[in-house]
Amino acid sequence: MKLLKLEFFKCRRRKIALVCAAVLAAELLWFAIDLPRQDAEDLAQGWMLLFYNLALIDAIFLPISVAVIASRNCELEHKGAALKLLETMVTPGRLYITKLTWGALVLAALLSVRSAAFAAMGAAAHFSGDIPWGKFALFTVISWAVSMMVYALQQGLSLRFANQAVALVCGIFGSFVGVMSMLFPDWLVRCVPWGYYGLLSLARMDWDPDTRFTQFFWRWPEPLDVVLLLLFGALFFIVGRTLFVRKEV
Amino acid sequence: MLLRCLKAELQKCRRSPVWLAFVLLPVFPAILGTMNYLGNIEVLDNAWYSLWSQHTLFSSMFFLPALLGVFCAWQWRLEHADHNWNSFMTAPVPVRDLCLAKLIYAAAVSLLSQVWIGALFVLSGKLAGLSGPLPPELPEWLLCGAMGGAAVCAVQLYFSLRIRAFAPPVAFGLVGGIAGLMATTQGFGYAFPYSLPCIGMRANNPAMELDVVPFLLSACAYTAVFTLLSIRYLRRRDVSAE
């Protein structure tokens, strides 16, 4: 607990809130530009469209955002002899878990605000029907879980390499793969960690090549994907932690 | 003086693995673009031109600004690290040359990455079995893309100079690239620096046309303005080495 408090203290002036606000602004802007393009028919299935778009927006913005947040939190340990001092007080394993918890809290806050903002936007755009709170809650949990898996990967990279370019390039690559993952078959997407934003999305699009008609439909995430997500997360966590614990400081 | 600065910068770049990102990352859009082309070959019937549209679809808006952002942030990161600011600012050369040297390398990297993108394009076209002659405009697309990239570099260099951290300017580059795409679709792409590589490379532009004068004007103006801003910042502000 004390360690966690310290993490927040360390990031006091590091403008994490600003980074989160920028992510939110970028996501809202994207959606605000997309919204006027929709016709009445789209608005009728507005909520479904919103969730589909949200999954796409997540896949584009979150990988790099998560990389930035993780990098902001980890790069400060590379300066001076921070790790040398820290590890005289705590075991590296505990420090690693504390940092991960910090990330989990920040991401949870960011994504909750995000979902609330989008629910408000949907209501303001007069989508038909009530706000699907249950779906919003579930969607937030899913985005958070996928982001945490990515965060585990990014934290591992950011702590392993003092040069943050490595982690950032990985984040950019993730954003790119995230977009492309919406276009590729499921089995291929399952192989890349950033594809899970789209894989676990609550709404999907069905494009009929013969009639050229797009249909959106609700669906539940498949159990296989959830299991794979957990496996990916566990793998990144264990590898990242092992590398960090064994690192000479 | 400038020549010496260039030599010094080159030495700083020596043995850095940063080039790896520039070699590896463009390979993926090339592969994916070619796959996409082969998958939709019945709709995309304009051979080399269609392949180019698939290749540049994502690379120009996401990759390039963010990748150039990585390089620019990396260049200033060297100075932000340790006590390098002190030696950087006490070097017996004008601040102008220091800034220009960084810009010149960033622009060179932009050009080299365009050459690599072009090489990948030709290679994947041959592998995909395209028989027709290469589009004669290809060098021009690449050159315009590189010029747009240089403008992005000037902007990114300024932000990386001001923000003493690695990650935020890079994220800024990515968001800028996406905003650039939006600016292009809304019709004011020529006025926005991050749209310039996209416009220069004729991405998402089936007619492959470019208004040369506003493009050149905009690219040169952004490059000049942001370089001047960087120089002004370095002249006016006291550096505080960590």
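Overview of the structure. Small disclaimer: the values here were computed from a predicted structure and weren't measured.

Here is what the cut-offs are and how they apply
- Residues numbered from 1 in each chain as written.
- Chains lettered and ligands numbered in written order.
- Predicted model: local features only at pLDDT ≥ 70, side-chain atom pairs only at ≥ 80, totals over all residues.
- Helix = DSSP H or I, 4+ residues; strand = E, 2+ residues; numbered from the N terminus.
- Rg over C-alpha atoms; globule rule 2.2 N^0.38 Å.
- Contact = placed C-beta atoms within 7 Å.
- Nonpolar A, V, L, I, M, F, W, Y, C, P; charged D, E, K, R; others polar.
- Axes fitted to C-alpha atoms, helices over the stretch in contact; angles between N-to-C directions.
- Parallel < 35°, antiparallel > 145°, perpendicular 65-115°, else oblique.
- Left-handed = near helix turned anticlockwise from the far one by under 90°.
- Core = buried A, V, L, I, M, F, W, Y, C linked by C-beta atoms within 7 Å.
- Buried ≥ 20, exposed ≤ 12 C-beta atoms within 10 Å, placed from the backbone.
- Expected span 1.5 Å × (residues − 1).

### Points about the overall build of chain A
- For chain A, the count of helices and strands is eleven helices and two strands.
- Along chain A, from the amino end to the carboxyl end, the secondary structure elements read α-α-α-α-α-α-α-α-α-α-β-β-α.
- Relative to its length of 249 residues, chain A is compact, with a C-alpha radius of gyration of 19 Å against a globular reference of 18 Å.

### Observations regarding the overall build of chain B
- Each helix and strand counted, chain B has ten helices and zero strands in total.
- When its helices and strands are written in sequence order, chain B yields α-α-α-α-α-α-α-α-α-α.
- For chain B, the C-alpha radius of gyration of 19 Å lies close to 18 Å, the compact-globule estimate for 242 residues.
- Projecting the C-alpha coordinates of chain B onto the three principal axes gives extents of approximately 60 × 35 × 30 Å.
- Within chain B, counting contacts between residues at least 6 apart in sequence, those at least 24 apart form 82% of the total.

### Regarding the interface of chain B and chain A
- Listed per partner, the contact involves 21 residues of chain B and 20 residues of chain A.
- Elements that contribute at least two residues to the side of chain B that touches chain A include exactly α2 (18–24), α3 (27–39), α4 (47–80) and α8 (167–186) of chain B.
- Here the side of chain B that touches chain A gets eight residues from one element, more than from any other, and that element is α8 of chain B.
- When its residues are assigned to classes, the side of chain B that touches chain A shows 21 nonpolar, no polar and no charged.

### Description of the packing of helix α4 (residues 46–75) of chain A against α8 of chain B
- One way to put it is that α4 of chain A packs onto α8 of chain B with a least axis distance of 9 Å and a crossing angle of 170 degrees. On the basis of the axis angle, α4 of chain A is roughly antiparallel to α8 of chain B. Our pair here, α4 of chain A against α8 of chain B, has a crossing hand that is left-handed. Residue-level inspection shows Ile60, Ile64, Ser65, Val68, Ser71 and Arg72 of chain A of α4 of chain A in contact with α8 of chain B, the latter providing Ala167, Pro168, Ala171, Leu174 and Ile178 of chain B.

### Describing the nonpolar core
- Residues Phe51 and Leu168 of chain A together with Leu67, Val70, Cys153, Ala154 and Val170 of chain B are the most contacted members of the largest nonpolar core, which totals 129 residues.
- Per element, the largest residue contribution to this core is 21 residues, and it comes from α4 of chain A.
- When sequence neighbours within four positions are dropped, the list of residues in contact with Val70 of chain B reads Ala165, Leu168 and Val169 of chain A together with Ala21 and Val170 of chain B.
- In terms of nonpolar packing, the next biggest core, distinct from the first, is built from six residues, Tyr37, Leu51, Trp52 and Ile117 of chain B among them.

### Section: the environment of Met148 of chain A
Residues and elements named next belong to chain A.
- Mapped onto the elements, Met148 comes out in helix α7 (residues 133–160).
- Along the backbone, Met148 and Leu100 are 48 residues apart, and their C-alpha atoms lie at a distance of 8.4 Å.
- Contact partners of Met148, with chain neighbours within four places excluded, come to Ala104, Leu107 and Gly233.

### Focus: helix α2 (residues 16–34) of chain A
- Between the first and last C-alpha of α2 of chain A there are 27 Å, a value that for 19 residues agrees with the 27 Å anticipated at 1.5 Å per step.
- In this fold, the buried residues of α2 of chain A make contact with α4 and α6 (92–124) of chain A together with α8 of chain B.

### Thoughts on the packing of α6 of chain A against α7 of chain A
All names here are of chain A.
- At their nearest, the axes of α6 and α7 sit 9 Å apart, and the two run at 145 degrees to each other. As for how α6 packs across α7, the hand of that crossing is right-handed. Across the interface between the two elements, Lys99, Leu100, Gly103, Ala104, Leu107, Ala108, Leu111, Ser112, Ser115 and Ala119 from α6 touch Phe136, Phe139, Thr140, Ser143, Trp144, Ser147, Met148, Tyr151, Ala152 and Gln155 from α7.
- Per-class residue counts for the contact of α6 with α7 are twelve nonpolar, seven polar and one charged.

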